[in-house]
Amino acid sequence: MATCIGMVVRVGTLNVLKPVSRHFKRQGTKVFTHSRSTHEVRSSLYEHVREGYSDKPDLDMRLVCEETDKVIANVETRKGDLRGADVREIVYVWQQLEAVRKEISHLEKQKKVISHRVRALVVIAPYFVQIPEFKEATKEGREIRHRLSQLYPRESELEEEHYGRALRLPNTTHPDVPIGDESQARVVELVGQKPEFDFKPRGHLEIGEELGLIRQRRLAHVSGHRSYYLRGVGARLQSALQNFALETLQQRVCKIPFTLPPYLCLPLSYIQEGCGMQPHAHRSQVYSLDPACFPDLNLAGTGEVGIAGYFMDHAVNWKDLPVRSVCSSTCYRAETDTGRETWGLYRVHHFNKVEMFGVTADETGEESSQMLEEFLSLQKEIFSSLELHYRVLDMPTQELGRPAHRKYDIEAWMPGRDSYGEISSGSNCTDYQSRRLNILYEGEDGSLHYAHTVNATACAIPRTIIAILETHQTKEGTVLVPPALQPFLGLEVIEKPKYIPLKYIGPNQPNRMPRPVPKPR
């Protein structure tokens, strides 16, 4: 019987038991000329492995070496700085590493043979030091040890360079994924009808300020740009959406919610890198803590990272597959590389999100695709229950990021913006993350196999609030609460509060009120 939470995973002896890989017939590999750049390529994940905390990532280099042109074509269609020449360099470094490992293996076998020969001579010959065979064996042994003393450092050097480069490769791409940028996204489905108004619809920030739900003005001195307060019914609306999403998922497939403790909002860089993210490359999207106090510690931009870290170096029992987990967490994104959406809740530094994360087997190759479709149906159920008009998009290659094999986005119609806006996404990452983070499953015969991972947003709170306020606004300035959400919010209509709003009395304002007169003591 499938389980619904990662709590059932069993710690495997991963340093002893190695996963069973599918065996492929070796074909001739093309040898590339060396054109390595001199710059260092750092990998936090490899540094973590080198310290002995985890097994080495088991990247599928067979595919890269035997189908190099296909891999290059895939890289060229993705967004990022990786190019065909980089793929050839990855192959070249890997071939060097394999050659060194092969020579080390051969010499280690020779060393054992010579050791046995020397021991035999010591036993049968009292004056073995004068025997020519002994002198020849010891000389050969010294030469082998000297050669190994050169090869082992070389192996370490090549291995570090290999992972520094090869971990940058993206996942394979589903054949049905459109090629190109976001303009090539394919509309899979339109759900619901656009709301019609007999008045000009207002934006969510105007509605939220009028109803006392949102405050975003004059907060630079509190927490900087793109920060916000949810107040009164606005705060209750966040909790209502979160609880509504969690209960919907619990009733369908996830019987027990998986909540990340606050500390797991601070993943180390190697977990983010293992998930296919780039904590060192795109600093504009990542909040990093002071490296002098917290080396490589960042704020997570999605709950997916924390859950993936939970499954890292663990094996799920065959009987418990597929695992469907759901978590609620606070996410942090710097959002400093764009001047878009400078006001409102659409693009903010921190927000709450309910995230689904799945772990599947890889027996037929279709298990993770089926889970992505299952997660998509759950997303649609949530947004349809909120009576939103939205569309499902099959995202093109340049929008997949590194880890996704296929990705669906859901965009809701936002009347105040007069456009669709992304409110959710879901990705099938196949074995991309599991090979990097050692997420495995135990087969019926006890053997270990690499799992597939799938993630999807059930409800990103601020953007869902945008869609609800703008879709369900009325001419009178109120907002009608969707029936499915009413039990969680305790209201049918969001009305203007009866309290008097705070009055700004700070500097930089016309007709500023005089400061208080000191009271006599």
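Going by what an unreviewed UniProt entry lists, the chain is known as Serine--tRNA ligase, mitochondrial and is assigned to Oncorhynchus mykiss. According to the UniProt record, the Sequence similarities (unreviewed entry) comment for the chain is "Belongs to the class-II aminoacyl-tRNA synthetase family. Type-1 seryl-tRNA synthetase subfamily." The record in UniProt for the chain states the following under Function (unreviewed entry): "Catalyzes the attachment of serine to tRNA(Ser). Is also probably able to aminoacylate tRNA(Sec) with serine, to form the misacylated tRNA L-seryl-tRNA(Sec), which will be further converted into selenocysteinyl-tRNA(Sec)."

1. Focus on the UniProt feature "site: Important for serine binding" (unreviewed entry) in the chain
Here, the residues flagged by UniProt with the feature "site: Important for serine binding" (unreviewed entry) are T457. Following the sequence through the fold, T457 ends up in strand β12 (residues 452-460). In this structure T457 touches K353, V354, E355, Q379, I423, S424 and S425, once residues within four positions along its chain are discounted. Within the local environment of T457, its side chain forms a polar contact with the side chain of E355, the two groups lying 3.3 Å apart.

2. What about the sheet that holds strand β9 (residues 419-428)?
Ordered by their spatial adjacency, seven strands build an open sheet running β1-β7-β8-β9-β12-β6-β5, and the pairing between neighbours is antiparallel. What marks the edges here is a single partner per strand, and that holds for β1 (186-191) and β5 (323-332). Adjacent strand axes in the sheet meet at a mean angle of 25°, parallel and antiparallel pairs treated alike.

3. Some details on the packing of aromatic side chains
Taken as a whole and judged by the stated rule, the model has eight aromatic pairs. Between the aromatic rings of W318 and Y441, the centroid separation amounts to 6.3 Å while the plane-to-plane angle is 40°, which identifies the pairing as tilted. With W318 in the loop between β4 (314-317) and β5 and Y441 in strand β10 (residues 439-442), the pair connects residues that are 123 residues apart, well separated along the chain. Here the aromatic rings of F383 and Y390 are separated by 6.2 Å at their centres, their planes lie at 70°, and the arrangement is edge-to-face. For Y390, a relative accessible area of 1% puts it in the buried group.

4. Looking at helix α10 (residues 303-311)
Counting buried positions along α10 gives seven out of nine residues, so the element sits mostly inside the fold. Among the residues making up α10, those that are buried are G303, E304, V305, G306, I307, A308 and F311. Downstream of α10 by one or two residues, D313 has phi in the positive range, about 60°.

5. Observations concerning the packing of helix α8 (residues 233-252) against helix α13 (residues 461-471)
Direction vectors running N to C along α8 and α13 enclose 105°, while the axes themselves pass 10 Å from each other. Here α13 runs roughly perpendicular to α8, going by the angle between their axes. For the pair α8 and α13, contact is made by L237, Q238, L241 and Q242 and by I461, T464, I465 and I468, respectively. The residue makeup of the contact of α8 with α13, split by class, is five nonpolar, three polar and no charged.

6. Regarding the environment of Q473
With respect to the helices and strands, Q473 occurs in the loop between α13 and β13 (479-480). Note on Q473: relative accessible area 5%, which makes it buried. For Q473 and P201, which are 272 residues apart along the polypeptide, the C-alpha to C-alpha distance reads 7.6 Å. Ignoring anything within four residues of it in the chain, the contact list for Q473 reads F197, F199, P201, R202, I207, T478 and V479. One polar contact links the side chain of Q473 to the main-chain amide nitrogen of R202, over a distance of 3.0 Å. A polar atom in the side chain of Q473 sits 3.0 Å from the backbone oxygen of E470.

What counts, and where the lines are drawn
Residues numbered from 1 in each chain as written. Predicted model: local features only at pLDDT ≥ 70, side-chain atom pairs only at ≥ 80, totals over all residues. Heavy atoms only, no water. UniProt positions renumbered as here; feature names shortened; annotations may be inferred. Helix = DSSP H or I, 4+ residues; strand = E, 2+ residues; numbered from the N terminus. Contact = heavy atoms within 4.5 Å. Polar contact = N/O pair within 3.5 Å; in protein donor to acceptor, adjacent residues only side chain to side chain. Pairing = 2+ DSSP bridges. Axes fitted to C-alpha atoms, helices over the stretch in contact; angles between N-to-C directions. Phe/Tyr/Trp six-rings, centres within 6.5 Å; stacked < 30°, edge-to-face > 60°. Buried < 20%, exposed > 50% of the residue type's maximum accessible area, 1.4 Å probe, protein only. Parallel < 35°, antiparallel > 145°, perpendicular 65-115°, else oblique. Nonpolar A, V, L, I, M, F, W, Y, C, P; charged D, E, K, R; others polar.

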